[in-house]
Amino acid sequence: MNAKIFLLIPVTLAAFALAGCGSSGSKSVPSDAVAVVGDDTISKSDFDTLLNQAKGSYKQQHRPFPKPGSQDYTQLQGQIMQFLIQRSEFDQKGKDLGITISDKQVDQRLGDLKQQYFKGDQKKYLAQLKTQGYSENQVKQNLRSQLLSEAIYKNVTSKATVSDADIKAYFDDHKKQYQQPESRDVRHILVKNKTEANKIYRKLKGGANFAKLAKKYSQDPGSKALGGKLTISRGQTVAAFDKTAFSLAKGKMSPPVKTSYGYHIIQALSAVKPATVTPFSQVKTSIKTQLLQTTKQKKMTSWVDDTRKDFCSGKLSFQAGFKPTPDPCSTSTTGSTGVSVTTG
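Residues numbered from 1 in each chain as written. Predicted model: local features only at pLDDT ≥ 70, side-chain atom pairs only at ≥ 80, totals over all residues. Heavy atoms only, no water.

> Is there a simple way to think about the sheet that holds strand E9 (residues 316–318) in this case?
The pairing of strands in a sheet comes from backbone hydrogen bonds and takes either a parallel or an antiparallel form. Read across the sheet, three strands follow the order E2-E1-E9 without closing on themselves; strand pairing throughout is antiparallel. Each edge of the sheet is formed by a strand with only one pairing partner; in this case those strands are strand E2 (40–43) and E9. The average angle at which neighbouring strand axes cross in this sheet is 15°, direction not considered. Packing of helix H3 (residues 71–96) onto the sheet brings it into contact with strand E1 (33–37), E2 and E9, and relative to E1 it is tilted by some 35°. (Pairing = 2+ DSSP bridges. Helix = DSSP H or I, 4+ residues; strand = E, 2+ residues; numbered from the N terminus. Axes fitted to C-alpha atoms, helices over the stretch in contact; angles between N-to-C directions. Contact = heavy atoms within 4.5 Å.)

Below you can see the structure in the form of structure tokens.
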């Protein structure tokens, strides 16, 4: 799928959370519909529209479309139904929360996306829609659903907070994440064979300039131009190099050291700098952001679970052959992807 349209139209079926349920409700399903979701009816034409878009995507990718009755077709049909159910549930729950999405909001989002991905070129935008098999009304419907999901997320998570005590506790429990290991400045010359390494080592012992020889002979592209200089942290380099580099006295030079890269001649330029821990004051804001996002995710997941349970209590009915498999009512939304966790 074209990257531009993939981002422009957020209807990638497999990416949506299992917010819908598959239990049978008490309402009968009209002959021209595939399901009844609460007070809403999902028409067969809505299902066919998404199925045809999926066919277009398969064609663009030069992949054979699954045959009806096959496992792949059943899975695709289930994904389409899950998306349509979730969209309907969100529409209805959005109304309960007092959330409405105006035409102006949809037009503004569409204008932003046209500018971002097509630099405002209407012809390119329409050509891409034609290629992808979408109408502009379908695009707007998808954008309206996206805006609604974002608004629900904002509403549900608006009171999420993280205390200073929680932030400090996280820091204390994860101090290893904020530790900076021992480090020191060194320089080295890397060559492929021992004979060449010994030859260079003898020159250095005789007073040759280390930086000049590094620039001339070293095979390490990361330090060669710097005369072999680099700053290393304990455990950052291969074991033999690490052991030698941190055992040398300041100013001292090692004989050739063999590693998987070749032979190194190492010189310590600085004393070993002790390990440190980044002060709490410097990471407090980032920890707060991380914990707040986790708290919001939990609140949204809980809301989606409650929505699932509500509609699973007799508010869903399916046309024969359209009930998703496996039954979403027996599937937890915990850890699911999609707007329920990632929006906002």
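Back to the write-up after that little detour.
> Help me understand the environment of Ala197 in this model?
Along the polypeptide, Ala197 turns up in helix H8 (residues 194–205). Put simply, Ala197 and His264 are 67 residues apart on the chain and 7.3 Å apart in space, counted from C-alpha to C-alpha. Filtering out sequence-adjacent residues up to four positions away, Ala197 remains in contact with Val191, Pro256, Tyr263 and Ile265.

> What am I meant to see in unusual backbone geometry here?
Across residues other than glycine, the phi torsion is negative in most instances, and most of the peptide bonds are trans. With a phi angle near 55°, His62 is a residue other than glycine that sits in the positive phi range. Residue placement: His62 occurs in the loop between helix H2 (44–60) and H3. The class of His62 is exposed, set by a relative accessible area of 75%. (Buried < 20%, exposed > 50% of the residue type's maximum accessible area, 1.4 Å probe, protein only.)

> For this particular structure, what's the right way to read the sheet that holds strand E7 (residues 262–268)?
The four strands lie next to each other as E5-E4-E7-E6, forming an open sheet whose pairing is antiparallel. A single partner strand is all that each edge strand has here, and the edge strands are strand E5 (229–233) and strand E6 (257–259). Along the sheet, successive strands turn relative to each other by an average axial angle of 50°, direction set aside. In this structure, E6 lies alongside E7, joined through three bridges in antiparallel fashion. Pairing of Lys258 across the sheet is with Tyr263, part of E7. Sitting on the sheet, helix H9 (residues 210–217) is in contact with strand E4 (183–191) and E7, with an inclination near 50° to E4. Along the sheet face, helix H10 (residues 239–247) touches E4, E5, E6 and E7 and points at about 125° away from the line of E4.

> In this structure, what is going on with the packing of helix H7 (residues 164–173) against helix H11 (residues 280–312)? I would like to understand it.
A pair of packed helices can be characterised by two numbers: the angle between their axes and the separation between those axes. Orientation of H7 relative to H11, taken along the N-to-C sense of each, is 110°, at an axis distance of 9 Å. With respect to H11, the axis of H7 lies roughly perpendicular. Note on element contacts: H11 touches H7 through Phe280, Val283, Lys284, Ile287, Lys288, Gln290 and Leu291, opposite Asp164, Asp166, Ile167, Lys168, Tyr170 and Phe171. The residue inventory of the contact of H7 with H11, partitioned by class, reads seven nonpolar, one polar and five charged. (Parallel < 35°, antiparallel > 145°, perpendicular 65-115°, else oblique. Nonpolar A, V, L, I, M, F, W, Y, C, P; charged D, E, K, R; others polar.)

It is worth stressing that arrangement in space is one thing and function is another; only the former is reported here.
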